[in-house]
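The residues making up each chain are set out below.
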Amino acid sequence: MKAKCPVLATLCAFGGLALAQTIARADTMFSDNFQDGSYADWTLSGNGRDAPNYYLGNYSMRLDGLRQGAIALSSRGYTNVSLSADLAALYLTYGEYCYAEYSTDGGGTWNILHWITDGGDDGYFDHATASSGLDDNPNLRLRFRAYTWYYHYCYGDNVSLTGTPISGGAGPEIDVNGSGAFGTVTIGGEATNTLTITNSGDASLDIGGLTGLAAPFSLVNDNCSSQSIAPAASCTVGIRFAPTTAGSFSDALNIASNDSDEPNYAVAASGSGSASGTYDPLPGDGNVSRSALTYSFLTAGGTLDLMDFSHYALPANAANPANSFEGRLTLNGEAANGSAVEVGGNNNLPYYPEAAHLPEFDFEFVQHGTHFIPVTRGKYEGTHPSWAYVLEPGRVWNENGDNGYSRVAFPFSLQERNNDCIWNGVMTFLFRDDGSVSDVAYQIASETCLYLKVNFWGRLDATYTPAAVTGAARIRSDYEAEVARRMPVKPMDALATDYPDAGVVTANIGSDITAEHMTVYGVAYNGVHYVGDCQTRHGKYPFCEVMDLPSYSTAKSVFGAYGLMRLEQKYSGTQRTLGIDDYVSECTGWQWDAPTFENALDMATGNYSSSSSHVDESSQAMLDGFFLATTHSQKVSHACSYPYMATPGTTFVYHTSDTYLLGRAMSMYYKSQAGGGADFFDDVVVGEIYKPLGLSPTTYTTLRTQDSAAQAHTGFGLIFVRDDVVKLAEFLNDAQGTIQGQQVLDSGMVAATLELGSGGLQAGGTYDRYNNGFWYFDLDQATHSYGCGGAKWVPYMAGYGGISVVLLPNGMVFYHFSDNDQIAWGKSAIELDKIAPMCP
């Protein structure tokens, strides 16, 4: 039978389920209405996208492409069994279908419970029920399946399996005792944990297959597979962890049974492999031939010049360190030593006080195996008038020529105070356990900065104070997790070998940018991060994986837009329509009565001086009154001062000051909900987006006003490493605002951002638009034909000086960070179209 449910709304979440229960008049063995925003128990497969969809108080599972979600069910011990589900669709065209299907043989064959095609895609849920051939069967399956283009959606909801217990009791109930967590195990060794599976119900527990584990995990001493466990009885099975390589590993053991509410019980397995207890051990014997930065140079003195960065890098034959660093490293004489030479002839360096000298350096570090971890991560603003520090993890090793000392090299950056320009460098030194330490040599020879290119270098006296660092064990374990979370990396050339039939010319990827001004670029696709070299003026940067990158205006997307989308999801979907003047008390003029949070995000408040898109932004008034201002009162005074010129939401005028007002409004709204001590950036942006996404700790700080307000700038002021960039982009382009099956960003705003259609505002050029904090370019207007057959607006983030992060419609992400005022990415798109068509 089939019945209609109301349009994608709360009533459907309850009406359909009630109908199924009324018909069956029986116990519910399984139900899922997705109201927790999760479908973690379901198995997802197939090309396409899935997301928990939220609309008017109701969650459902949304699918597109060839994506499907399946769940294993069991009716063992039940008769008069009925299986029901709801199905809806939107935007289908001819030849596209949405299916709800069920199987009685474990997925071998499938029966259609209900299907929808073009003409039935009205957004209303259809309710369908099957009630024959389902009794006493441990091998039932149900799936929702899409057969559509991307962004043409299928929705599944309100799955219910009901029946009458044959035994008349509660049925089987699975309980599992034991752990799959192994901690650290030496490479070549093994450890085994025993799990006990108990039936605490009153009917036989029929266990099916135990699946899911792959090397270095395995199943041993299995007394449970395909067994029938009587009530109050139990069986045991072992999980073995036997690492053969170093690294962190995780997996899950899946236990299928006829337990009605836990038919697929998952036990998480995790462990780390190490060589003799050393994290990330080195294979070399320490026989390294060194011609620069030698032991005698670092300990006795000599003239330091700029050199190839390979001398600062971990050498191929490095040995595991014999010493262990934990304590404080202090540099001495920063204010009187060091060299800085501007490159390129702009002659801007004289405007920066004490430019040639590093800021005061006094930081704690913790060693973990062969890694050197700064306790302070992210931007650190001391008292230097021009520069702030950013410290990143480096490496520790031994060389035979270092006379018993261990050698450290770690990346660091200087960032312009109150702005985003970043200069990337490396420090290196020698140390021993007893506190002996050499001089520290440092070099900077690359940056992401349009107007100031500088080489820095020098050597400084150092002091090492060994001491226990508070929370050292947590710092080490957090760092292991950070490294394990990074997306797998391959060189850009691997695209040609991974997709040999595509004919891709990898040399063309990134070639829109002048090579000498490229900082870093890459492509993310199918779970792999393909990266170009991090070239500097003196060779390859040796720590490309943690090279610091400035956000500039990409923060408008990943802070401003993601922040508002999160508020919209978190607080029931009305925040984007709130008034700016209701939460920014300084905007008292009548011209601020109408602009909303979303108008500020779109930089379409209607308040401006010039309607030309970038005239206000590049004016001296904006520079002096906003960008160079350091306090909230100064910034907000300028931001609120623009006169009314147009109806809000109708005219795009680029104002970073509007994004600042949005940030302030979101902050004050959040305080009204969470309390005066709450911080929107720390609690929501970092706590609910960046950390769950697995971003690096570098992203956990932001540029703020230098007063008691400490207001985040919102439109700029973040720092990334390259792994952060692709995760932030894929969060929208691939996961559609979900994290581990949970909808984190408002799905309506996400859909409007990814599929612009006729929306957005014209932004400068004929083929440029702006919407929800993102730029758009129409592929159909490109000189290369992608076969889109009409407008295809591609969203991308852009940053000052030459930064683009592109959310391509073929599921890829392309990005580049450069500093020659070039943001083009057309040549890269042409090559990537060969691998996966932009408009299939």
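Higher on the page you've got the structure.
Now for a description of the structure that goes with this document.

What counts, and at which threshold
- Residues numbered from 1 in each chain as written.
- Predicted model: local features only at pLDDT ≥ 70, side-chain atom pairs only at ≥ 80, totals over all residues.
- Heavy atoms only, no water.
- Helix = DSSP H or I, 4+ residues; strand = E, 2+ residues; numbered from the N terminus.
- Rg over C-alpha atoms; globule rule 2.2 N^0.38 Å.
- Buried < 20%, exposed > 50% of the residue type's maximum accessible area, 1.4 Å probe, protein only.
- Pairing = 2+ DSSP bridges.
- Axes fitted to C-alpha atoms, helices over the stretch in contact; angles between N-to-C directions.
- Lys, Arg positive; Asp, Glu negative; His and termini not counted.
- Salt bridge = Lys/Arg side-chain N within 4 Å of Asp/Glu carboxyl O.
- Polar contact = N/O pair within 3.5 Å; in protein donor to acceptor, adjacent residues only side chain to side chain.
- Contact = heavy atoms within 4.5 Å.
- Core = buried A, V, L, I, M, F, W, Y, C linked by side-chain atoms within 4.5 Å.
- Disulfide = S-S within 2.5 Å.
- 1 Å grid on protein atoms, 1.4 Å probe; cavity = no way out; pocket = protein on both sides within 12 Å on 5 of 7 lines; lining within 4 Å.
- Points joined across faces, edges and corners; volume = space filled by probe spheres on them.
- Nonpolar A, V, L, I, M, F, W, Y, C, P; charged D, E, K, R; others polar.

1. Side note on the overall build of the protein chain
So, point 1. When helices and strands are tallied, the protein chain shows 14 helices and 47 strands.
So, point 2. Radius of gyration (C-alpha) of the protein chain: 29 Å, near the 28 Å computed for a compact globule of 840 residues.
So, point 3. Dimensions of the protein chain, computed from the C-alpha atoms along their principal axes, are close to 85 × 70 × 55 Å.
So, point 4. Sorting the 840 residues of the protein chain into buried and exposed places 57% on the buried side.

2. Notes on the sheet that holds strand β8 (residues 97-103)
So, point 1. The sheet built from 5 strands is open, its strands ordered β3-β6-β11-β8-β9 with antiparallel pairing. The open sheet has two edge strands with one neighbour each: β3 (43-45) and β9 (111-117). Pairs of neighbouring strands in the sheet enclose a mean axial angle of 15°, with direction left out of account.
So, point 2. One ladder, built from 6 bridges, connects strand β6 (residues 68-73) with strand β11 (residues 140-147); its direction is antiparallel. Bridge pairing in β11 places L73 opposite L140.

3. Some remarks on the side chain of D420
So, point 1. Summarising the element assignment, D420 is placed in the loop between β29 (406-416) and β30 (422-431).
So, point 2. No salt bridge is formed by the buried D420; its nearest oppositely charged neighbour, K379, is found at 5.9 Å.
So, point 3. Here the side chain of D420 touches Y552 through a polar contact of 2.6 Å, landing on its backbone nitrogen.
So, point 4. Look past the residues within four positions of D420 in its chain and what remains in contact with it is Q415, P550, S551, Y552, L703, F716 and G717.

4. A short note on the nonpolar core
So, point 1. Grouped together as the largest cluster of nonpolar side chains are 142 residues, with contacts concentrated most on F361, F410, F412, W423, M427, Y562 and Y690.
So, point 2. With near-sequence residues (within four places) excluded, Y690 lies in contact with V558, F559, F681, V685, L695, T699, L718 and L728.
So, point 3. Core analysis: the next-biggest nonpolar cluster, separate from the first, contains 36 residues, M518, V528, A798 and M838 among them.

5. A closer look at the pattern of salt bridges
So, point 1. The full count for this structure, using the stated rule, is 32 salt bridges.
So, point 2. Between R240 and E190 there is a salt bridge, with its nearest N and O atoms 3.6 Å apart. Note that R240 is positioned in strand β19 (residues 234-241) and E190 in the loop between β14 (181-186) and β15 (191-199), a separation of 50 residues in sequence.
So, point 3. Measuring nitrogen to oxygen at the nearest pair gives 2.8 Å for the salt bridge that ties K727 to D723. Of the two residues, K727 and D723 both sit in helix α12 (residues 722-733), 4 residues apart, roughly one turn of that helix.

6. Comments concerning the sheet that holds β19
So, point 1. Here we have 4 strands laid out as an open sheet, ordered β13-β15-β19-β17, and antiparallel in their pairing. For this open sheet the edge positions go to β13 (174-177) and β17 (217-220), each flanked by a neighbour on one side alone. With strand direction ignored, the average angle separating the axes of adjacent strands in the sheet is 25°.
So, point 2. Taken together, the 4 bridges between β13 and β15 define a ladder with antiparallel strand orientation. Paired with N177 across the strands is T196, a residue of β15.

7. Overview of the state of the cysteines
So, point 1. Within this structure, the stated rule accounts for 6 disulfides.
So, point 2. One disulfide bridge connects C98 with C154, the sulfur atoms lying 1.9 Å from each other. Because the torsion about its S-S bond is -80°, the bridge between C98 and C154 counts as left-handed. Here C98, found in strand β8, pairs with C154, found in strand β12 (residues 153-165); they are 56 residues apart in sequence, far enough to count as distant.

8. Considerations on empty space enclosed by the protein
So, point 1. Inspection of every chain in the model, using the stated rule, returns 3 cavities of 30 Å³ or more.
So, point 2. Lining the largest cavity are E482, R485, R486, E545, V546, G694, L695, S696, V721, D723, D724 and K727.
So, point 3. Only α3 (472-485) and α12 provide two or more residues apiece to the lining of the largest cavity.
So, point 4. When residues in the lining of the largest cavity are grouped by element, the largest group, 3 residues, is from α12.
So, point 5. For the lining of the largest cavity, the residue count by class is 3 nonpolar, 2 polar and 7 charged.

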